[in-house]
Structures are given as C-alpha cells and as structure tokens.
Amino acid sequence: QVQLVESGGGLVQAGGSLRLSCTASASMFSSFTMGWYRQAPGKQRQLVASISKRDITNYADSVKGRFTISRDNAENTVYLQMNSLKPEDTAVYYCKLDYLHGTTYWGQGTQVTVSS
C-alpha cells in the first residue's frame with residue numbers, strides 16, 4: 001500500500017505563489033509517473049501537470065507558463081510551484097502516483113484558495 005501525503009495549500013491573493021509538496025511511501029519512487037490534479041466545486045477532477053520517470057513534463061493549457069512540476073527522487077517527493085495565481089485556480093489539489101500494473105494512488109487533497 002502506497003501513501004501520498006500532500007502539503008502546502010492555503011489562502012493566497014491573486015498574483016501570489018504557493019508550492020505544493022507530495023511525499024510518497026513507495027519504494028522505487030523514481031520509476032513512477034507523478035501528477036497533480038485539481039477539482040473545483042461542481043466540476044470534474046482534471047489534470048494540472050505530470051512528470052514521468054524521465055522527467056518529461058506535461059501541463060494543462062490553463063497553467064502553462066505559471067506552474068512548474070518537479071520531483072526529488074531522493075526525497076520521494078513531487079512539487080508543484082504555482083505562480084501568478086488566479087481565482088480560477090481555486091480547487092482541491094490532489095497528488096497521483098501511477099504505480100505498477102495500472103494501479104493508481106491518490107493523496108488526500110490540499111485546498112488552494114485564491115482571493116481576488
């Protein structure tokens with residue numbers, strides 16, 4: 001069983017920055033693709049950014065140029081640096097790990113609220 005623990009959410013004014021962290025209990029962390037998703041009230045959960053085991057990154061169009069995903073394999077941690085935040089970025093942010101044989105694990109979520 002893999003556990004993902006997220007931190008770093010909070011309340012910030014528009015234009016501000018936050019950095020989210022997600023630490024995984026999985027061994028061989030470096031072998032797995034990690035992703036950040038978000039879910040706003042009344043909306044479906046959607047991909048924000050992902051990073052593969054080869055550090056290939058992918059971003060939703062809405063966050064390109066503002067958000068940066070990175071990973072520290074020595075710390076089993078993936079980060080999401082969020083700059084120039086907008087009120088529409090308000091959501092619960094979830095970390096996801098793509099494990100073996102199609103199994104996925106999710107974190108418990110961290111709230112990000114951007115005030116205008």
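Located above this text is the structure these notes cover.
A.B. asks: Would you explain unusual backbone geometry in this entry?
C.D. replies: Apart from glycine, the bulk of residues carry a negative phi angle, and the bulk of peptide bonds sit in the trans form. Of note, D55 is a non-glycine position whose phi angle comes to about 65°, a positive value. Its location among the elements puts D55 in the loop between β5 (46-51) and β6 (57-59). Of note in the backbone geometry, H101 takes a positive phi value of approximately 55° without being a glycine. Looking at the element boundaries, H101 is found in the loop between β9 (91-98) and β10 (104-106). By relative accessible area, H101 is classed as exposed at 81%.

A.B. asks: In this structure, what is going on with the packing of aromatic side chains? I would like to understand it.
C.D. replies: Think of a pair of aromatic rings as described by two things: how far the centres are apart, and how the planes are tilted against each other in angle. Enumeration according to the criterion identifies four aromatic pairs in this entry. On the numbers, 4.9 Å between centres and 45° between planes, the contact of F32 with Y99 is tilted. Of this pair, F32 sits in the loop between β3 (18-24) and β4 (33-39) while Y99 sits in the loop between β9 and β10, placing them 67 residues apart in sequence. Taking the relative accessible area as the measure of exposure, F32 reaches 3% and is therefore buried. Their ring planes at 85° and their centres at 6.5 Å tell us that Y94 and W106 sit as a pair that is edge-to-face. Remark: W106 occurs in strand β10 and Y94 occurs in strand β9; sequence separation between them is 12 residues. Exposure remark for Y94: the relative accessible area of 14% places this residue in the buried category. An aromatic cluster of three or more residues is present, and its members are F32, Y99 and Y105.

The rules we used
- Residues numbered from 1 in each chain as written.
- Predicted model: local features only at pLDDT ≥ 70, side-chain atom pairs only at ≥ 80, totals over all residues.
- Heavy atoms only, no water.
- Helix = DSSP H or I, 4+ residues; strand = E, 2+ residues; numbered from the N terminus.
- Buried < 20%, exposed > 50% of the residue type's maximum accessible area, 1.4 Å probe, protein only.
- Phe/Tyr/Trp six-rings, centres within 6.5 Å; stacked < 30°, edge-to-face > 60°.

Honestly, that's just the spatial picture; any functional story needs more than this.
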